[in-house]
Amino acid sequence: MTAYDVIVLGEPLVEVATADPFGHGVPATLGVSGDVVNSAAAAAAAGARVAIVARVATGELGDAVVARIRALGVDDALVRRVRGQQGVYLLHSDPSGQRQFSYARAGSVGAALSPADLDADTLAAAGAVLASGITAALSVSAHGAVLAAAKLGRRFVYDPNFRPRLTSSAAAAAVLAEVAPLATLLTPSAPGETGALLGTGDPATAATILRGLGARAVAVTCGDRGVHVSPSAGGPERWHPAVPAPSVVDQTGAGDVFTGTVTARLALGDDLQDAVRLGAAAASLAVGGQGGTGFIAGLEQVRAHAGAA
C-alpha cells in the first residue's frame, strides 16, 4: 500500500477557457481543471506526495485528464476509469480576472463518485484528506463519499466551495454543519460564502460559529484582503494580510491552490499559521496563469514570494 501525504476527492474536469465572451468562433484553450485537480496540483507543488480519488471517463478526453494529473506530479493510482461522459466546463475570464462559467457535467462519470471508490486503509494512512462542497453537491453518492472520507482521515480539510448552480445555500450549510465536527480545518471564504451559509460576512464571527459546530480550526479567506485564522487548542486568532499578486490574469482556482497548499504543509508538519502564510502566497501567484492549473508555483518560489511580502 502506498502512503500518501495528501489524498484529494472530487471530479476532474476538461476546461475550455477563453478571454472573449462565449460565442461561435471564439478562440479557446483546452485544459484540465476542477477543484480536485487544482488543489492536488498545489499540494504536490508544496512538497507532498498526493493522490486523487475520482472517476474519469475512458476515451480520449479521459486520457487527457489522466495525463495532465500525472504531469502535475499527482498519483492517479486511485483514479477509476469508467465508460461514460467526461465532465467539461467553459470559462471566460475578462482582463480583470473575473470569471464566467458554464458547466456540462450533469450525468458525468465523476458525479457518480461513491464510498465504494474509497480504499479505507489508504485513506486512514494518509497525512491528510481534502474534499470540498462541490464534490459533496455532485450527487447523493458523492456526498456519501465525502462523509466517509472525513471519518477515515486522520486529518480532514474541507473547503465549502459553495456553488449556487450546484446546490442551495440551505443544503450546503447542512453539509457544512455535518462535516464540521470531523474537520481538522475548514476554509470558507468571506463575505459571500460565509454570508450564504452562516448568515454573516464577518470572518471572525464565521470562525466562531464554525468552531462552535465542532471544527478544530478555521481559516476564513477574504480575497485580496487576507485570511482570518482561528486555530485549534484555543490559540489566539490571527489576521494574515494578503500577499499581493504580481499579476492577475485569471482568478480561477486560487482558493483551491490556497487549500491544497495549506493541507500539504499541515500534513508535512508545519503549524497552521505557517501553512496559511504559504497558502496565501501560492494563491496570489496562481492568479497569474490562465485556468485552474495555468500557473502552480513550486515551493521555493512560494516561500520567496511569502518572504518578500
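Only a predicted model underlies this, so the values are computations on that prediction, with no experimental measurement involved.

Caption draft 1: Summary view of the layout of surface pockets. Estimates place the volume of the second largest pocket at around 160 Å³. For the second largest pocket, the full set of lining residues is Arg238, Trp239, His240, Pro241, Ala242, Val243, Arg277, Ala280, Ala306 and Ala309. Of all elements in the fold, only β13 (238-241) and α10 (272-286) reach the threshold of two or more residues within the lining of the second largest pocket. Per-element tally for the lining of the second largest pocket: the top contributor is β13, with 4 residues. A class-by-class count of the residues in the lining of the second largest pocket yields 7 nonpolar, 1 polar and 2 charged.

Caption draft 2: Structural view of the nonpolar core. Counting residues in hydrophobic clusters, the biggest one holds 42 residues, and the most contacted among them are Val50 and Ile52. Contributions of two or more residues to this core are made by β1 (6-9), α1 (35-45), β4 (50-57), α2 (60-71), β8 (128-132), β12 (226-230), α9 (254-267) and α10. Those residues in contact with Val50 that sit more than four places away from it in its chain are Tyr4, Val6, Val8, Ala40, Ala43, Ala44, Val74 and Asp75. Val129, Leu138, Ala215 and Cys222 belong to the second-largest nonpolar core, a separate cluster that totals 40 residues.

Caption draft 3: Fine view of the pattern of salt bridges. This model, assessed by the stated rule, comprises 7 salt bridges. Linking Arg70 and Asp76 is a salt bridge whose minimum nitrogen-to-oxygen distance equals 3.0 Å. We classify Arg70 as exposed; its relative accessible area is 52%. Look at Asp76 and you get buried, because its relative accessible area is 18%. Linking Asp117 and Arg80 is a salt bridge whose minimum nitrogen-to-oxygen distance equals 3.1 Å. Residue Asp117 is found in the loop between β7 (99-104) and α3 (120-125), and its partner Arg80 is found in strand β5 (residues 79-82); the two are separated by 37 residues along the sequence. For Asp117, a relative accessible area of 14% gives the class buried. Classification of Arg80 as partly exposed rests on a relative accessible area of 42%. Among the charged side chains, a salt-bridge network with shared partners connects Arg55, Arg80 and Asp117.

Caption draft 4: Geometry of the packing of α10 against helix α11 (residues 299-308). At a minimum axis separation of 8 Å, α10 and α11 run at an interaxial angle of 100 degrees. Put simply, α10 runs roughly perpendicular to α11. Taken together, the residues of α11 that come into contact with α10 (itself represented by Arg277, Leu278, Ala281, Ala282, Ser284 and Leu285) are Leu299, Gln301, Val302, Arg303, His305 and Ala306. Grouping the constituent residues of the contact of α10 with α11 by class yields 7 nonpolar, 3 polar and 2 charged.

Caption draft 5: Representation of the environment of Arg216. On the secondary structure map, Arg216 appears in the loop between α8 (203-212) and β11 (218-221). A relative accessible area of 40% means that Arg216 is categorised as partly exposed. Each C-alpha atom of the pair Arg216 and Leu182 lies 8.4 Å from the other, and the pair is 34 residues apart in sequence. Sequence-distant contacts of Arg216, that is, excluding residues within four places in its chain, are made with Arg154, Leu182, Ala183, Thr184, Arg211, Pro231 and Ser232.

Conventions adopted
Every chain is numbered independently, its residues counted from 1 as its sequence is written. Whole-chain, interface and lining totals are the exception, using all residues; otherwise, since this is a predicted model, local features are given only for residues with pLDDT of at least 70 and side-chain atom pairs are given and counted only at 80 or more. Side-chain measures here rest on the full set of heavy atoms in the structure, leaving out hydrogens and waters. Buriedness of a pocket was judged along seven lines, with at least five required to meet protein on both sides within 12 Å; pockets are open sets of points on a 1 Å grid over the protein atoms alone, cavities are sets where a 1.4 Å probe fits but cannot get out, and lining residues have an atom within 4 Å of a point. Grid points are joined across faces, edges and corners, and a volume is the space filled by probe spheres set on the points. Secondary structure counts use DSSP, requiring at least four H or I residues in a row for a helix and at least two E residues in a row for a strand, with both numbered from the N terminus. Residues were grouped as follows: Ala, Val, Leu, Ile, Met, Phe, Trp, Tyr, Cys and Pro as nonpolar; Asp, Glu, Lys and Arg as charged; and all remaining residues, including Gly, as polar. In this description, a nonpolar core means a group of buried Ala, Val, Leu, Ile, Met, Phe, Trp, Tyr and Cys residues linked to one another through side-chain atoms lying within 4.5 Å. Each residue's exposure class comes from its accessible area (1.4 Å probe, protein chains only) as a fraction of the maximum for that residue type: buried when under 20%, exposed when over 50%, partly exposed otherwise. By the convention used here, residues are in contact when the closest approach between their heavy atoms is within 4.5 Å. Any carboxyl oxygen of Asp or Glu that lies within 4 Å of a side-chain nitrogen of Lys or Arg is treated as forming a salt bridge with it. Axis definition: a line fitted to C-alpha atoms, over the contacting stretch in the case of helices. Angles run 0 to 180 degrees between N-to-C directions. Relative orientations are named as follows: roughly parallel for angles under 35 degrees, roughly antiparallel for angles over 145 degrees, roughly perpendicular for angles from 65 to 115 degrees, and oblique for any other angle.

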